[in-house]
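Letter by letter, the chains look like this.
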Amino acid sequence: MRELFGAIKDLLRTSKRYRRTATASGILLLLMIILPIWRILPIAGDNPFIPLHYNVYVGIDSFGPWYGIFTLPFLGAVLFIMNLIFQAVFYRREHVLSM
């Protein structure tokens, strides 16, 4: 585990482009999590089910519990962390694979 964090620190320290894109991705991921919390949680007390999907032709076609809105941000966070780990591991082996 310590080696993984060391690899991530090396990657962030040496690649300016990676540092910028990782920071931008982290900020967008945080916004994707914070904005639904800010807008949905005040409504969740009144309505136990909220619209989860809207289709232009049909309208609202999927209802679900309020925590269903966090499925995509959670998957985004998991993929972001997995990508960071893979890039750090590949950066130590082959620089071209990590960029």
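Residues numbered from 1 in each chain as written. Predicted model: local features only at pLDDT ≥ 70, side-chain atom pairs only at ≥ 80, totals over all residues. Heavy atoms only, no water.

Within the protein one finds four helices and two strands. Counted from the first residue to the last, the protein has its helices and strands arranged as α-α-β-β-α-α. On C-alpha atoms alone, the protein measures out to a radius of gyration of 18 Å, which is more than a quarter above the 13 Å that the 2.2 N^0.38 rule sets for 99 residues. A principal-axis box enclosing the C-alpha atoms of the protein has dimensions of 50 × 30 × 20 Å. (Helix = DSSP H or I, 4+ residues; strand = E, 2+ residues; numbered from the N terminus. Rg over C-alpha atoms; globule rule 2.2 N^0.38 Å.)

Turning next to the nonpolar core. Where a protein is soluble and globular, its nonpolar side chains tend to be buried together. Grouped together as the largest cluster of nonpolar side chains are nine residues: Leu-4, Ala-7, Ile-8, Leu-11, Tyr-18, Ala-22, Leu-84, Ala-88 and Tyr-91. For this core, the secondary structure elements donating two or more residues are helix H1 (2–14), helix H2 (16–44) and helix H3 (71–93). If near-sequence neighbours (up to four positions away) are discounted, Ala-22 is found in contact with Leu-12 and Phe-80. (Core = buried A, V, L, I, M, F, W, Y, C linked by side-chain atoms within 4.5 Å. Buried < 20%, exposed > 50% of the residue type's maximum accessible area, 1.4 Å probe, protein only. Contact = heavy atoms within 4.5 Å.)

Glancing now at a positive patch on the surface. Positive charge collects at one region of the surface, where Lys-16, Arg-17, Arg-19 and Arg-20 lie side by side. Secondary-structure assignment places Arg-17 in helix H2. (Patch = residues over 30% accessible without salt bridge, like charges linked within 9 Å, V, L, I, M, F, W, Y side chains within 5 Å. Areas by Shrake-Rupley, 256 points an atom, 1.4 Å probe, with all protein chains shown as cover. Salt bridge = Lys/Arg side-chain N within 4 Å of Asp/Glu carboxyl O. Lys, Arg positive; Asp, Glu negative; His and termini not counted. Charge placed at Lys NZ, Arg CZ, Asp CG, Glu CD.)

Attention now moves to the environment of Pro-36. By secondary structure assignment, the location of Pro-36 is in helix H2. When the C-alpha positions of Pro-36 and Phe-74 are compared, they lie 12 Å apart, and in sequence the two are 38 residues distant. Those residues in contact with Pro-36, other than ones at most four positions away along the chain, are Leu-31, Leu-41, Ile-69 and Phe-70.

Turning to the pairing of strand S1 (residues 49–55), a few remarks are in order. Two elements, S1 and strand S2 (residues 59–65), share six bridges in a ladder whose sense is antiparallel. Residue pairing in the sheet places Pro-51 in a bridge with Phe-63 of S2. The turn linking S1 back onto S2 is made up of three residues. (Pairing = 2+ DSSP bridges.)

Between its first and last C-alpha atoms H1 spans 18 Å; for 13 residues at 1.5 Å apiece the expected length is 18 Å, and the two agree. Where H1 is concerned, the buried positions are Leu-4, Ala-7, Ile-8 and Leu-11. Buried residues in H1, looked at end-on, bunch into an arc of 100°, giving them a common side. The exposed residues of H1 that point more than 90 degrees off its buried face are Arg-2, Glu-3, Lys-9, Arg-13 and Thr-14. (Expected span 1.5 Å × (residues − 1). Arc of directions from axis to C-beta.)

This paragraph deals with a nonpolar patch on the surface. Taken together, the side chains of Leu-72, Phe-74, Leu-75, Val-78, Leu-79, Ile-81, Met-82, Ile-85, Phe-86, Val-89 and Phe-90 make up a nonpolar region of the molecular surface, amounting to roughly 1000 Å² of accessible area. Along the polypeptide, Val-89 turns up in helix H3. Taking the relative accessible area as the measure of exposure, Val-89 reaches 33% and is therefore partly exposed.

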